[in-house]
Amino acid sequence: MLTQVTIKNSFESWRDAVRDLLSRDVAPCDVVWTAGEQGALFQGLVAPSRGGHRGRDFRVSREFIKLASAVACIDDAEKWPLLYRILFRLQHENPNLLMIESDVDVRRSRVMEKAIGRDVHKFHAFVRFRKLAGLDEEVYTAWHEPTHFTVERATPFFARRFGTMKFSILTPKGCAHWDRKKLIFSDGVDKPFAPAADEMEDFWLLYYRSIFNPFRLKVKAMKREFPVKHWSTLPEAVLIPELIREALSL
Amino acid sequence: MELRRKLEILADAAKYDASCASSGSKRKRADGGIGNTEGMGICHSYTPDGRCISLLKLLLTNVCIWDCSYCINRKSSPIQRARFKPEEVVRLTMNFYKRNYIEGLFLSSGIIQNADYTMEQLVLVAKKLREEEKFGGYIHLKAVPGASKELLLGAGKYADRLSANIEMPVQEDLDRLAPEKTISEIENTMADVKYGLDDAKDRGQKSTFARAGQSTQLVVGASESTDTTILTKAESLYKKFLLRRVYYSAFSPGEYTDANLKKEKTPAMREHRLYEADWLIRNYGFAAHEVTQGLDGGNLDLDLDHDPKLAWALRHRSLFPVDINRASKSLLLRIPGIGIRNVDRIVRIRRFQKVRLEDLARLRVSLSRAKWFIITADHNPDVFKLDRLSLPDTLKRKIDQPQLFASSILTTAVTGEL
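Note that this is a predicted model, so its numbers are computed, not measured.

## Notes on the overall build of chain B
Alright, step 1. When its secondary structure is counted, chain B shows 16 helices and 12 strands.
Alright, step 2. Taken over C-alpha atoms, the radius of gyration comes to 23 Å for chain B, in line with the 22 Å a tight globule of 418 residues would show.
Alright, step 3. Along the first, second and third principal axes, the C-alpha atoms of chain B reach 70 × 55 × 40 Å.
Alright, step 4. A buried classification covers 60% of the 418 residues belonging to chain B.

Here's what the structure looks like:
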């Protein structure tokens, strides 16, 4: 018999659901996962619902929690059945399943985990703060387009680093705001909210142009680490075509 | 001179130093300050030369009293000269950092007056950043060869990394191309930095001396020195001075390098192979002589057609095939196409089940290179071709995609994949 499970797009929501499923020994192939409450990503985080049916107790390794909380950020609904399948197999088939990295499910989850690591890393790298003009105090805003749901995972980094600076990071997948004390999350916004260039951007573009060595053009190597999909949010990327042209004419 | 023009000149002059690493140092943000380092390097941008921008890389000045022929900033070069005021570098660094363009500053300089004066000027900038701005980001300072030990030890208090560039592997090269430099003076500088590192270690965890260690750089292809000479030197530097990294920079004759030097550009692939070989020496248990010995026809440069691990395996086919399910870890590390992380995964997997070709495929092992050299739990038809005379030809470049350019190795240095 099929069991339908409706969850929000969050690790906590999934965790609450699988507690129930595991306690009733529902096989992964008997679960139909559907998404509920689209677009209200951050509301579910305030008070995840507990209680209800708690059933039998089971243990989950810290390693699995680490893996699952990363995979939960992937922008791919396949993640929920995949994580449940791994969890079920850990309980019923092999408690050491995660060691077998050539296993199809394990491999797939590790690839997703890696993609999240990369997305967070690129988040840290490609946010470009712009100072808001005409204010008495320094306030910075940035526009970024993460590939996955990594706003909550990636932005505490900025609070640690720029703790004395007020800032907001806006993305289509959620926003983060730092008031020098607390990091607050809100729902995603559209690109028209992206801030305008400030007075330093010119210097940054000048630096980018000057540090480029036209005698060793390696466009492929650049694109591998500097995916074209991010270029639209990076001010220096407008220079790339002309720098390549200049290098080719040497 | 206008600040914009200075930035243009002194960034352009700084780009020949390949290092842009910002990893390996941890520092919490100071109360009321800006910036920290969390151990991970971050590449904030990439230029079309495939190199990353992690640090604001500048010369304090491109005025230089030395005349090294491979260097664009040498005394006799007809370029425009400029010099930053220390506060200009501080302002640029802080403004770039607050916008998340960079992880920090890499400050080098031409030699003004003498080594000590130059070093003092560099330290002054770092001191202003740390003490006046409470800057907690990454700082890489050039260790000027010949600067006093006192100054170097002072520099290490503010800097995360120090680097004295050796430039050439042997004194004869320096005599010809950089007559003011000596290997012994540069090594003395490295020894002083190492003293600071050792001393800090002895004093325990609280110490803050150059937490990301020291590195150096060699120019490749401006002299006749072969890869064997270069790698042997690199290996001895790693051992003697506990360097974190040796960088290799392919010489490219530009508009302003000495016209008496070689006209041809050093192939990018040569630089790339040196980085691969260096990686094998540091992480795969290879000795420099193993990577370089027995290169055919008395050619003492690395094989451009095969990566150095594959070239080594082809020269030592009697040691193969290796049984994936039984071999020691150190032997698994010698199989072409299998990286360190996959070796660890294989060791874990085989505790629970036999490893088959399909397992390796799923781990994204480069089977096009590995399959000739291994025995798996299932039938591997290619291993019977191991002794074919034509194998080196079969394995020429077409499968050895030259996609791992030096820059990508630099940037993946943290992850440990080759």
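Now that the structure is up, let's keep going.
## Re empty space enclosed by the protein
Over the atoms rolls a probe the size of a water molecule, and in doing so it shows where empty space is left.
Alright, step 1. Considering all chains together, one arrives at 1 cavity of 30 Å³ or more under this definition.
Alright, step 2. Size it by volume and the largest cavity reaches roughly 90 Å³.
Alright, step 3. For the largest cavity, the full set of lining residues is Y207 and I211 of chain A together with K15, C20, T47, D49, R51, C52, I53, L55 and K57 of chain B.
Alright, step 4. Elements with a contribution of two residues or more to the lining of the largest cavity: α7 (201-211) of chain A together with β4 (52-53) and β5 (55-59) of chain B.
Alright, step 5. Looking at the lining of the largest cavity residue by residue, the classes come out as 6 nonpolar, 1 polar and 4 charged.

## Thoughts on the packing of helix α2 (residues 62-71) of chain A against helix α3 (residues 79-92) of chain A
If you want to describe how two helices pack, look at the angle between their axes and the distance between the axes.
Residues and elements named next belong to chain A.
Alright, step 1. At a minimum axis separation of 10 Å, α2 and α3 run at an interaxial angle of 170°. By the criterion of interaxial angle, the relationship of α2 to α3 is roughly antiparallel. In this structure, α2 uses F64, A68 and V71 to contact α3, whose residues at the interface are K79, L83, I86, L87 and L90.

## Quick word on the domain arrangement of chain A
Residue and element names in this part refer to chain A.
Alright, step 1. Looking at the assigned domains, one finds that chain A contains domain 1 (3-118), domain 2 (127-193) and domain 3 (201-248).
Alright, step 2. Every contact between the two is made by 14 residues of domain 1 and, on the other side, 12 residues of domain 2.
Alright, step 3. Viewed at the interface, domain 2 and domain 1 are joined by 1 salt bridge.
Alright, step 4. The salt bridge involving D75 is made with K173; its shortest N-O contact spans 3.4 Å.
Alright, step 5. Between domain 1 and domain 2 we count 4 residue pairs in polar contact (both at pLDDT 80 or more) in total.
Alright, step 6. Going through the elements one at a time, α2 and α4 (104-126) are the ones with two or more residues in the side of domain 1 that touches domain 2.
Alright, step 7. In terms of residue class, the side of domain 1 that touches domain 2 is made up of 9 nonpolar, 3 polar and 2 charged.

## Considering the pairing of strand β4 (residues 139-143) of chain A
Residue and element names in this part refer to chain A.
Alright, step 1. For β4, the buried fraction is high: 5 of the 5 residues fall into the buried class.
Alright, step 2. Pairing of strand β3 (residues 130-131) with β4 involves 2 bridges; the strand directions are antiparallel. When the bridges of β4 are listed, R130 appears paired with T141.

## Let's talk about the sheet that holds β4 of chain A
Within a sheet, each strand pairs with its neighbour through backbone hydrogen bonds, oriented either parallel or antiparallel.
Alright, step 1. Here 5 strands make up an open sheet; going across it, the order is β3-β4-β5-β6-β7 (chain A) and the pairing mixed. Every interior strand has two partners, whereas the edge strands, β3 and β7 (183-186) of chain A, have only one.

## Some details on the packing of aromatic side chains
Alright, step 1. What the rule picks out here adds up to 26 aromatic pairs over all chains.
Alright, step 2. Ring geometry for W33 of chain A and Y84 of chain A: centres 6.1 Å apart, planes at 65°, overall edge-to-face. Of this pair, W33 of chain A sits in strand β2 (residues 31-35) while Y84 of chain A sits in helix α3, and the two are 51 residues apart along the sequence.
Alright, step 3. A residue is classified by how much of its surface remains accessible, and Y84 of chain A, at 0% relative accessible area, is buried.
Alright, step 4. Each ring, one from F129 of chain A and one from Y140 of chain A, has its centre 6.4 Å from the other, and the planes form 70°; the classification is edge-to-face. Taken together, the residues span a long stretch of sequence, with F129 of chain A in the loop between α4 and β3 and Y140 of chain A in strand β4 at a distance of 11 residues. Like Y140 of chain A, F129 of chain A is buried.
Alright, step 5. The cationic tip of K149 of chain B hangs over the ring face of Y195 of chain B; the distance from NZ or CZ to the ring centre is 3.8 Å.

What counts and how
- Residues numbered from 1 in each chain as written.
- Chains lettered and ligands numbered in written order.
- Predicted model: local features only at pLDDT ≥ 70, side-chain atom pairs only at ≥ 80, totals over all residues.
- Heavy atoms only, no water.
- Helix = DSSP H or I, 4+ residues; strand = E, 2+ residues; numbered from the N terminus.
- Rg over C-alpha atoms; globule rule 2.2 N^0.38 Å.
- Buried < 20%, exposed > 50% of the residue type's maximum accessible area, 1.4 Å probe, protein only.
- 1 Å grid on protein atoms, 1.4 Å probe; cavity = no way out; pocket = protein on both sides within 12 Å on 5 of 7 lines; lining within 4 Å.
- Points joined across faces, edges and corners; volume = space filled by probe spheres on them.
- Nonpolar A, V, L, I, M, F, W, Y, C, P; charged D, E, K, R; others polar.
- Axes fitted to C-alpha atoms, helices over the stretch in contact; angles between N-to-C directions.
- Parallel < 35°, antiparallel > 145°, perpendicular 65-115°, else oblique.
- Contact = heavy atoms within 4.5 Å.
- Domains from an automatic or database assignment.
- Salt bridge = Lys/Arg side-chain N within 4 Å of Asp/Glu carboxyl O.
- Polar contact = N/O pair within 3.5 Å; in protein donor to acceptor, adjacent residues only side chain to side chain.
- Pairing = 2+ DSSP bridges.
- Phe/Tyr/Trp six-rings, centres within 6.5 Å; stacked < 30°, edge-to-face > 60°.
- Lys NZ or Arg CZ within 6 Å of the ring centre and 35° of its normal.

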